[in-house]
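Chains, contacts and geometry: an overview
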Amino acid sequence: AERRAADVLSDGPPSLSERLHSLGFFLQLLYERTDDLEKLEESISLRRASELLTDDYPSKPDQLNNLGNSLQMRFERLGDSNDLESSIECKQRAVNLLPDEHFSKSAMLSNLGISIQSRFELLGEEQDHDDALTAFRRAVELTPERHPNEAKRLSNLGNSLQARFVRRGDPIDLEDAITAKRKAVELMSDDHPDMPGALNNLAISLQSRFDHAGRLN
(Lines give C-alpha, C1' and ligand atoms only; values in the text may rest on other atoms or scores of the structure.)
Protein backbone atom coordinates (compact mmCIF):
# COMPACT_ATOMS: atom_id res chain seq x y z
CA ALA A 1 0.00 0.00 0.00
CA GLU A 2 2.84 2.40 0.83
CA ARG A 3 4.54 1.88 -2.55
CA ARG A 4 1.28 2.22 -4.47
CA ALA A 5 0.40 5.45 -2.63
CA ALA A 6 3.84 6.89 -3.29
CA ASP A 7 3.64 6.01 -6.99
CA VAL A 8 0.25 7.67 -7.34
CA LEU A 9 1.37 10.79 -5.49
CA SER A 10 4.60 11.17 -7.45
CA ASP A 11 2.70 11.02 -10.75
CA GLY A 12 -0.23 13.21 -9.77
CA PRO A 13 -1.04 16.65 -8.35
CA PRO A 14 -0.43 17.46 -4.66
CA SER A 15 -4.18 17.35 -4.05
CA LEU A 16 -3.90 13.56 -4.28
CA SER A 17 -1.96 13.62 -1.03
CA GLU A 18 -4.97 15.22 0.66
CA ARG A 19 -7.15 12.33 -0.49
CA LEU A 20 -4.65 9.72 0.58
CA HIS A 21 -4.25 11.44 3.91
CA SER A 22 -8.01 11.63 4.43
CA LEU A 23 -8.30 7.93 3.71
CA GLY A 24 -5.48 7.32 6.17
CA PHE A 25 -7.37 9.32 8.80
CA PHE A 26 -10.51 7.25 8.21
CA LEU A 27 -8.53 4.02 8.56
CA GLN A 28 -7.03 5.26 11.82
CA LEU A 29 -10.52 5.95 13.15
CA LEU A 30 -11.50 2.41 12.20
CA TYR A 31 -8.48 1.11 14.11
CA GLU A 32 -9.43 3.12 17.20
CA ARG A 33 -12.96 1.70 17.07
CA THR A 34 -12.16 -1.91 16.14
CA ASP A 35 -8.60 -2.43 17.43
CA ASP A 36 -7.83 -4.00 14.04
CA LEU A 37 -4.07 -3.50 13.65
CA GLU A 38 -4.29 -3.96 9.88
CA LYS A 39 -6.27 -0.72 9.64
CA LEU A 40 -3.52 1.18 11.45
CA GLU A 41 -0.88 -0.37 9.20
CA GLU A 42 -2.81 0.75 6.10
CA SER A 43 -3.28 4.22 7.57
CA ILE A 44 0.46 4.60 8.13
CA SER A 45 1.26 3.37 4.64
CA LEU A 46 -1.05 5.92 3.04
CA ARG A 47 0.12 8.74 5.26
CA ARG A 48 3.77 8.04 4.49
CA ALA A 49 3.13 9.20 0.92
CA SER A 50 2.89 12.75 2.28
CA GLU A 51 6.66 12.68 2.86
CA LEU A 52 7.08 13.14 -0.91
CA LEU A 53 5.52 16.60 -0.73
CA THR A 54 7.77 19.63 -0.92
CA ASP A 55 8.26 21.49 2.35
CA ASP A 56 6.37 24.53 1.06
CA TYR A 57 3.18 22.55 0.46
CA PRO A 58 0.61 24.14 2.84
CA SER A 59 -0.65 20.99 4.55
CA LYS A 60 2.68 19.17 4.86
CA PRO A 61 3.19 20.07 8.55
CA ASP A 62 -0.28 18.74 9.42
CA GLN A 63 0.28 15.58 7.42
CA LEU A 64 3.66 14.94 9.03
CA ASN A 65 2.23 15.53 12.49
CA ASN A 66 -0.64 13.13 11.85
CA LEU A 67 1.74 10.50 10.49
CA GLY A 68 3.75 10.94 13.68
CA ASN A 69 0.62 10.38 15.76
CA SER A 70 -0.15 7.16 13.88
CA LEU A 71 3.39 5.90 14.39
CA GLN A 72 3.11 6.73 18.09
CA MET A 73 -0.06 4.63 18.24
CA ARG A 74 1.70 1.68 16.62
CA PHE A 75 4.60 2.05 19.04
CA GLU A 76 2.17 1.95 21.97
CA ARG A 77 0.57 -1.17 20.50
CA LEU A 78 3.66 -3.14 19.42
CA GLY A 79 6.51 -1.53 21.37
CA ASP A 80 8.82 -1.15 18.36
CA SER A 81 11.24 1.66 19.19
CA ASN A 82 11.76 2.34 15.46
CA ASP A 83 8.17 3.56 15.30
CA LEU A 84 8.84 5.91 18.19
CA GLU A 85 11.97 7.28 16.52
CA SER A 86 10.05 7.83 13.27
CA SER A 87 7.21 9.49 15.18
CA ILE A 88 9.60 11.96 16.80
CA GLU A 89 11.27 12.67 13.46
CA CYS A 90 7.95 13.40 11.74
CA LYS A 91 6.70 15.61 14.56
CA GLN A 92 9.98 17.53 14.77
CA ARG A 93 9.90 18.18 11.03
CA ALA A 94 6.30 19.40 11.32
CA VAL A 95 7.23 21.80 14.14
CA ASN A 96 10.24 23.09 12.22
CA LEU A 97 8.11 23.93 9.18
CA LEU A 98 5.75 26.22 11.12
CA PRO A 99 6.33 29.78 12.34
CA ASP A 100 5.54 30.44 16.00
CA GLU A 101 2.46 32.47 15.09
CA HIS A 102 0.81 29.54 13.29
CA PHE A 103 -2.30 28.42 15.17
CA SER A 104 -1.33 24.72 14.99
CA LYS A 105 2.21 25.02 16.33
CA SER A 106 1.31 24.76 20.01
CA ALA A 107 -0.58 21.51 19.39
CA MET A 108 2.29 20.07 17.37
CA LEU A 109 4.79 20.99 20.08
CA SER A 110 2.62 19.24 22.63
CA ASN A 111 2.47 16.13 20.43
CA LEU A 112 6.23 16.24 19.98
CA GLY A 113 6.71 16.49 23.74
CA ILE A 114 4.55 13.40 24.29
CA SER A 115 6.65 11.32 21.91
CA ILE A 116 9.97 12.52 23.34
CA GLN A 117 8.65 11.82 26.85
CA SER A 118 7.80 8.28 25.69
CA ARG A 119 11.39 7.81 24.51
CA PHE A 120 12.67 9.08 27.85
CA GLU A 121 10.48 6.56 29.66
CA LEU A 122 11.78 3.84 27.33
CA LEU A 123 15.51 4.63 27.40
CA GLY A 124 15.99 6.87 30.45
CA GLU A 125 18.11 9.47 28.64
CA GLU A 126 18.03 12.70 30.66
CA GLN A 127 18.39 14.83 27.52
CA ASP A 128 15.07 13.44 26.28
CA HIS A 129 13.41 14.53 29.51
CA ASP A 130 14.81 18.03 29.08
CA ASP A 131 13.76 18.14 25.43
CA ALA A 132 10.25 16.98 26.25
CA LEU A 133 9.98 19.68 28.89
CA THR A 134 11.18 22.30 26.40
CA ALA A 135 8.47 21.23 23.96
CA PHE A 136 5.75 21.18 26.64
CA ARG A 137 6.79 24.59 27.95
CA ARG A 138 6.87 26.14 24.49
CA ALA A 139 3.47 24.62 23.72
CA VAL A 140 2.03 26.35 26.79
CA GLU A 141 3.69 29.64 25.87
CA LEU A 142 2.16 29.59 22.39
CA THR A 143 -1.33 28.55 23.53
CA PRO A 144 -3.78 31.46 23.67
CA GLU A 145 -5.39 32.14 27.04
CA ARG A 146 -8.62 30.23 27.63
CA HIS A 147 -7.88 27.92 24.71
CA PRO A 148 -9.82 24.63 25.12
CA ASN A 149 -6.55 22.66 25.37
CA GLU A 150 -4.69 25.08 27.64
CA ALA A 151 -5.44 23.08 30.80
CA LYS A 152 -4.33 19.81 29.21
CA ARG A 153 -1.04 21.32 28.04
CA LEU A 154 -0.42 22.80 31.47
CA SER A 155 -1.06 19.38 32.99
CA ASN A 156 1.44 17.76 30.62
CA LEU A 157 4.02 20.36 31.59
CA GLY A 158 3.31 19.97 35.29
CA ASN A 159 3.52 16.18 35.21
CA SER A 160 6.81 16.26 33.32
CA LEU A 161 8.27 18.78 35.78
CA GLN A 162 7.13 16.62 38.69
CA ALA A 163 8.82 13.59 37.16
CA ARG A 164 12.07 15.50 36.74
CA PHE A 165 11.91 16.69 40.35
CA VAL A 166 11.57 13.08 41.49
CA ARG A 167 14.68 12.12 39.50
CA ARG A 168 16.86 15.14 40.23
CA GLY A 169 15.45 16.73 43.38
CA ASP A 170 15.55 20.32 42.11
CA PRO A 171 12.92 22.28 44.10
CA ILE A 172 12.52 24.77 41.23
CA ASP A 173 11.05 21.96 39.10
CA LEU A 174 8.63 21.16 41.91
CA GLU A 175 7.51 24.77 42.31
CA ASP A 176 7.04 25.10 38.55
CA ALA A 177 5.06 21.84 38.52
CA ILE A 178 2.73 23.14 41.23
CA THR A 179 2.24 26.43 39.39
CA ALA A 180 1.36 24.66 36.13
CA LYS A 181 -0.93 22.12 37.78
CA ARG A 182 -2.71 24.75 39.88
CA LYS A 183 -3.41 26.86 36.81
CA ALA A 184 -4.70 23.79 34.96
CA VAL A 185 -7.17 23.14 37.79
CA GLU A 186 -8.26 26.77 37.83
CA LEU A 187 -9.07 26.62 34.12
CA MET A 188 -11.34 23.57 34.47
CA SER A 189 -14.98 23.63 35.43
CA ASP A 190 -16.03 21.44 38.35
CA ASP A 191 -17.73 18.98 36.00
CA HIS A 192 -14.78 18.73 33.60
CA PRO A 193 -13.97 15.04 33.03
CA ASP A 194 -10.26 15.67 33.68
CA MET A 195 -10.83 17.54 36.96
CA PRO A 196 -10.41 14.52 39.31
CA GLY A 197 -7.10 13.59 37.71
CA ALA A 198 -5.88 17.19 37.69
CA LEU A 199 -6.70 17.61 41.38
CA ASN A 200 -4.96 14.35 42.20
CA ASN A 201 -1.85 15.39 40.28
CA LEU A 202 -1.78 18.74 42.07
CA ALA A 203 -2.16 16.99 45.43
CA ILE A 204 0.81 14.75 44.60
CA SER A 205 3.02 17.78 43.95
CA LEU A 206 1.84 19.58 47.08
CA GLN A 207 2.56 16.44 49.12
CA SER A 208 6.01 16.27 47.53
CA ARG A 209 6.68 19.86 48.58
CA PHE A 210 5.56 19.11 52.15
CA ASP A 211 7.76 15.99 52.30
CA HIS A 212 10.72 17.85 50.79
CA ALA A 213 10.38 20.72 53.29
CA GLY A 214 10.23 18.20 56.14
CA ARG A 215 13.46 16.57 55.01
CA LEU A 216 15.15 19.96 54.84
CA ASN A 217 14.00 20.80 58.35
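All of these numbers come straight from a predicted model, not from anything done at the bench.

Here we come to the overall build of the protein. Along the protein, the regular secondary structure elements total ten helices and zero strands. Principal-axis analysis of the C-alpha atoms gives the protein an extent of 70 × 35 × 30 Å. Across the 217 residues of the protein, 43% fall into the buried class. In the protein, 57% of the contacts between residues at least 6 apart in sequence involve partners at least 24 apart. Carbon and sulfur atoms provide 51% of the accessible area of the protein, an area that totals close to 11700 Å².

It is at 11 Å that the axes of helix α4 (residues 60–78) and helix α6 (residues 105–123) come closest, and there the two elements cross at 30°. It follows that α4 is roughly parallel to α6 by the angle criterion. By crossing handedness, the relation of α4 to α6 is classed as left-handed. On α6, the residues touching P61, D62, N65, N69, Q72 and F75 of α4 are M108, N111, I114, S115, S118 and L122. Split by residue class, the contact of α4 with α6 holds five nonpolar, six polar and one charged.

It is worth spelling out the pattern of salt bridges at this point. The tally for this structure, following the rule as stated, stands at 17 salt bridges. A salt bridge links D35 to R77; the shortest N-O distance between them is 3.2 Å. Separated by 42 residues along the polypeptide, D35 in the loop between α2 (15–34) and α3 (37–48) and R77 in helix α4 bring together distant segments of the chain. One salt bridge in this structure joins R119 and E85, with 2.8 Å as the shortest N-O distance. With R119 in helix α6 and E85 in helix α5 (residues 81–97), the pair connects residues that are 34 residues apart, well separated along the chain. For E85, a relative accessible area of 35% translates into the label partly exposed. Beyond isolated ion pairs, a larger network of salt bridges with shared partners links E126, D130, R164, R167, R168 and D173.

This next bit is on the environment of F75. Within the fold, F75 resides in helix α4. Look at F75 and you get buried, because its relative accessible area is 12%. A C-alpha to C-alpha distance of 9.8 Å links F75 and S86, two positions eleven residues apart in sequence. If we ignore the near neighbours within four places in the chain, the residues touching F75 are D80, S81, D83, L84, S118 and L122.

Glancing now at unusual backbone geometry. Positive phi values are uncommon outside glycine, yet D35 reaches one of about 65°. You can call D35 partly exposed: its relative accessible area is 46%. The phi dihedral of R146 falls on the positive side, at around 70°, and the residue is not glycine. Mapped onto the secondary structure, R146 falls in the loop between α7 (126–142) and α8 (150–168). Residue classification places R146 among the exposed residues on the basis of a relative accessible area of 66%.

Let's shift gears to the confidence of the model for the protein. With 92% of its residues at a pLDDT of at least 70, the protein reaches an overall mean of 91. In the model of the protein, helix α1 (residues 2–11) stands out as the element of lowest mean pLDDT, 47, in contrast to α7, which has the highest, 98. Within the model, the stretch residues 1–6 combines pLDDT values under 50 with nine contacts to residues more than four positions away or in other chains.

The next subject is the packing of α5 against α6. Working note: a packed helix pair is described by the angle between its axes plus the distance between those axes. Direction vectors running N to C along α5 and α6 enclose 155°, while the axes themselves pass 9 Å from each other. Classified by the angle between their axes, α5 and α6 sit roughly antiparallel to one another. When you trace α5 past α6, the crossing you get is left-handed. Listed contacts from α6 to S81, L84, E85, S87, I88, K91, Q92, A94 and V95 of α5 are K105, M108, L109, N111, L112, S115, I116, S118, R119 and L122. Of the residues contributing to the contact of α5 with α6, the split by class is nine nonpolar, six polar and four charged.

Reading the values: rules and limits
Residues numbered from 1 in each chain as written. Predicted model: local features only at pLDDT ≥ 70, side-chain atom pairs only at ≥ 80, totals over all residues. Heavy atoms only, no water. Helix = DSSP H or I, 4+ residues; strand = E, 2+ residues; numbered from the N terminus. Buried < 20%, exposed > 50% of the residue type's maximum accessible area, 1.4 Å probe, protein only. Contact = heavy atoms within 4.5 Å. Areas by Shrake-Rupley, 256 points an atom, 1.4 Å probe, with all protein chains shown as cover. Axes fitted to C-alpha atoms, helices over the stretch in contact; angles between N-to-C directions. Parallel < 35°, antiparallel > 145°, perpendicular 65-115°, else oblique. Left-handed = near helix turned anticlockwise from the far one by under 90°. Nonpolar A, V, L, I, M, F, W, Y, C, P; charged D, E, K, R; others polar. Salt bridge = Lys/Arg side-chain N within 4 Å of Asp/Glu carboxyl O. pLDDT = per-residue confidence, 0-100.

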